[in-house]
Amino acid sequence: MTSIIAIIQARTGSTRLPGKVMYPLDGKPAIKHVVTRTAHADAPSNVVVATSTKPQDDVIAQYAPTFGADVIRGSESNVLSRFEHTVEEYNPDIILRITGDCPLILPEFIDLAVEQIQADSYDYVSAGLKRTFPRGVTCEAFTATSFKRMSEKASEPHHREHVTPYYREYPDKFDLYNLESSEIFAEERFQNRTDLRLTLDEPADYRLFEKVYREIDQEDLLTVRDVIKYIDVNELETINQNVEQKSV
């Protein structure tokens, strides 16, 4: 049986929105939504929150298990080392990299990314090679074999901080696949929505999330389709459209 681990990297020391992963959305910390949505996917065997050993991140280590996640702690700046530690501990076949600032991560994207690796033997699957999704609803999936090869070569500081740039910088060394929004969404209104930011990086992002989670009725998981519909109908995309995405 294939072992698949979802690693959610999270810390409270954000420079633009400190403590963002613990900000409340519908009465629950943002990181709980990330864990819950990740666990809702069929693929992951384990969900691990990888945070730092800094005292300020004790709150993440304390609460993550109550959400159903395991916890691994390591260097704040060398995030890749946290992944290396987790992979050594769990020995998975496939790894999912998810960031803690994505409280609307798509469970169906997680499953489809894993399916692509299993069906076609890709090393690395993401939506970032050519963006067609709103920012903040996707993840990266890669084989443990390719991860070990990559991590041995990833020596630059930005490789260690951002975990996966080496894959994209050296595409000749790996079999890469880009998932597009049309593979998840049949309806055109949800495809190629790169105009939307559904990631939690700045106060404007939180204002959008807080309103969306407060106003949309939800019995189970809040769907990205319902969020996009609500944003479009109420013309809310302007709330955070001027936020500049950090470059890797």
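Scroll up for the structure.
## Looking at helix α4 (residues 107-120)
Along its 14 residues, α4 runs 20 Å from first to last C-alpha, staying within 8% of the 20 Å computed at 1.5 Å per residue. Within the span of α4, buried status applies to Pro107, Phe109, Ile110, Asp111, Leu112, Ala113, Val114, Gln116 and Ile117. Elements that come into contact with the buried residues of α4 comprise β1 (4-9), α1 (30-40), β6 (94-99), β7 (124-126), β8 (140-143) and β9 (176-178). Phi for Ser121, located one or two positions after α4, is positive at around 60°.

## Notes on the packing of helix α3 (residues 79-90) against helix α5 (residues 144-153)
A packed helix pair is summarised by two numbers, namely the angle formed by the two axes and the spacing between the axes. At a closest axis distance of 11 Å, the pairing of α3 and α5 adopts a crossing angle of 140°. In terms of their interaxial angle, α3 and α5 are classed as oblique. The hand of the α3/α5 crossing is left-handed. Where α3 approaches α5, its residues Leu80, Phe83, Glu84 and Val87 are matched on the opposing element by Phe147, Lys148, Met150 and Ser151. Tallied by class, the residues present in the contact of α3 with α5 amount to 5 nonpolar, 1 polar and 2 charged.

## Concerning the pairing of β1
Working note: regular strand, side chains alternate between the two faces of the sheet. Of all the 6 residues making up β1, 6 are buried; the element is thus mostly covered by neighbouring parts of the structure. Alternating residues of β1 divide into Ile4, Ala6 and Ile8 and Ile5, Ile7 and Gln9, and every residue in both groups is buried. Examined bridge by bridge, β1 and β6 share 6 bridges and lie parallel to one another. Within the sheet, the bridge partner assigned to Ile8 lies in β6 and is Ile98. Two strands pair when backbone bridges link them, and β1 and strand β4 (residues 46-52) are joined in this way by 5 bridges, in the parallel orientation. Each bridged residue has a counterpart across the sheet, and for Ile8 the counterpart in β4 is Val49.

## Focus: the state of the cysteines
A complete count under the given rule lists 0 disulfides for this structure. Cys102 takes part in no disulfide bond, and the closest cysteine sulfur, belonging to Cys139, lies 9.2 Å away. Accessibility expressed as a relative area gives 5% for Cys139, which makes it buried.

## A few points about the packing of helix α8 (residues 203-215) against helix α9 (residues 224-234)
Taken N-terminus to C-terminus, the directions of α8 and α9 make an angle of 110°; their axes are 11 Å apart at the nearest point. Here α8 is positioned roughly perpendicular relative to α9, judged by the angle of their axes. Taking contact as the criterion, the partners of Leu208, Lys211, Val212 and Glu215 in α8 are, on α9, Val227, Tyr230 and Ile231.

## So, the nonpolar core
Leu104, Phe109 and Leu198 are the most contacted members of the largest nonpolar core, which totals 57 residues. Of all the secondary structure elements, the ones that give two or more residues to this core are β1, α1, β4, β6, α4, α8 and α9. Counting residues per element, this core draws most heavily on α4, which supplies 6 residues. Not counting the four nearest positions on each side in its chain, Phe109 is found in contact with Ser126, Ala127, Phe133, Val137, Thr138, Cys139, Leu179 and Ile184. If you look at the next biggest cluster of nonpolar residues, it comprises 20 residues, including Val48, Val79, Val163 and Phe174.

## Considering the side chain of Thr199
By secondary structure assignment, the location of Thr199 is in the loop between β9 and α8. Residue contacts for Thr199: discarding those within four places in its chain leaves Asp101, Cys102, Arg135, Gly136, Asp205, Phe209 and Gln245.

Calculation criteria
Residues numbered from 1 in each chain as written. Predicted model: local features only at pLDDT ≥ 70, side-chain atom pairs only at ≥ 80, totals over all residues. Heavy atoms only, no water. Helix = DSSP H or I, 4+ residues; strand = E, 2+ residues; numbered from the N terminus. Expected span 1.5 Å × (residues − 1). Buried < 20%, exposed > 50% of the residue type's maximum accessible area, 1.4 Å probe, protein only. Contact = heavy atoms within 4.5 Å. Axes fitted to C-alpha atoms, helices over the stretch in contact; angles between N-to-C directions. Parallel < 35°, antiparallel > 145°, perpendicular 65-115°, else oblique. Left-handed = near helix turned anticlockwise from the far one by under 90°. Nonpolar A, V, L, I, M, F, W, Y, C, P; charged D, E, K, R; others polar. Pairing = 2+ DSSP bridges. Disulfide = S-S within 2.5 Å. Core = buried A, V, L, I, M, F, W, Y, C linked by side-chain atoms within 4.5 Å.

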